[in-house]
Amino acid sequence: MAAKASPSPTSRRERRSLELRERLFRSALDLFAQKGFAETTVEDITEAADVGKGTFFNYFPSKDHILLAFGEMQLAKLGDAVEEARHSPAPLLQYLRSLSTRMTEEPMRNPAIVRALLLGYLSSTPVREALLDMQKRVLALHSEMIELGQQRGEVRDDLPAVELAQVFRQTIFGTLLMWTLHGDSTLEARIESAFNILWMGLAPRNALTSACVAPLFT
């Protein structure tokens, strides 16, 4: 998936511009995984992408803005999952299950950028404001998905969707935070364990027993 969703390019120049941005973005992610976010310089990124240093700033105001591009990429995955769930009669759990896989693919490959993102939320840079705004959009999408589950009778409806979405988001965010202390191959298992427990709280009260018994992941 591209760093950020864009309309289909209509000219060779636009296609080349998108390709250059994607090359810079992917080169940066590769270097963050190899060297760490703090240790990677803009010069490292442009050298890996085989472009001039000035080219980087045509697409990203700073190295920190790679974090925003990463966040937008993850947000697009979430948006796609909500859109699929909205137009499909399949159980919501199916989409939540597949979403956990989609959202952990890149973090598992690149723990350094997850740590950098978490630090970005604690910084005082302009990037922090953009990241916080992004979290509002994440919450809105999570709330939409939870509300859809409530309408279908698949999620408890005795609490507001936004409150349940907050718990969902905090569970995933907290799991990511603890995992970054290790940065090993256990992220998927950690997310699975957290989600199994979380689903027992999200499931309708009359479905709680079956939710405890049925395996959520295979």
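Residues numbered from 1 in each chain as written. Predicted model: local features only at pLDDT ≥ 70, side-chain atom pairs only at ≥ 80, totals over all residues. Heavy atoms only, no water.

**Regarding the environment of Ser-193**
Turning to step 1, where the next piece is worked out: Here Ser-193 is to be found in helix α9 (residues 187–202).
Turning to step 2, where the next piece is worked out: With a relative accessible area of 40%, Ser-193 lands in the partly exposed category.
Turning to step 3, where the next piece is worked out: Distance from Ser-193 to Thr-175, taken between C-alpha atoms, is 9.7 Å for residues 18 residues apart in sequence. (Helix = DSSP H or I, 4+ residues; strand = E, 2+ residues; numbered from the N terminus. Buried < 20%, exposed > 50% of the residue type's maximum accessible area, 1.4 Å probe, protein only.)

**Considerations on the side chain of Thr-180**
Turning to step 1, where the next piece is worked out: With respect to the element layout, Thr-180 can be found in helix α8 (residues 161–180).
Turning to step 2, where the next piece is worked out: Residue Thr-180 is classed as buried on the basis of its relative accessible area, which comes to 7%.
Turning to step 3, where the next piece is worked out: Polar side-chain contacts of Thr-180 include one of 2.6 Å to the backbone oxygen of Leu-177. (Polar contact = N/O pair within 3.5 Å; in protein donor to acceptor, adjacent residues only side chain to side chain.)

**Concerning the confidence of the model for the chain**
Close inspection of predicted coordinates is inappropriate for parts of the model with low pLDDT.
Turning to step 1, where the next piece is worked out: For the chain, the average pLDDT comes to 83, and 89% of its residues sit at 70 or higher.
Turning to step 2, where the next piece is worked out: Taking the mean pLDDT of every element in the chain, the minimum, 44, falls on helix α10 (residues 208–213) and the maximum, 96, on helix α2 (residues 42–49).
Turning to step 3, where the next piece is worked out: Here residues 208–218 is a poorly scored stretch, pLDDT under 50, and it has 15 contacts once near neighbours within four places are set aside; other chains count. (pLDDT = per-residue confidence, 0-100. Contact = heavy atoms within 4.5 Å.)

**Topic: the nonpolar core**
Turning to step 1, where the next piece is worked out: Ranked by size, the top nonpolar core spans 61 residues in total, and within it Phe-25, Phe-32, Ile-66 and Trp-199 carry the most contacts.
Turning to step 2, where the next piece is worked out: Taken together, the elements giving at least two residues each to this core come down to α1 (12–35), α2, α4 (65–86), α5 (92–109), α6 (111–122), α7 (126–151), α8 and α9.
Turning to step 3, where the next piece is worked out: In terms of residues, this core owes the most to one element, α4, which gives 11 residues. (Core = buried A, V, L, I, M, F, W, Y, C linked by side-chain atoms within 4.5 Å.)

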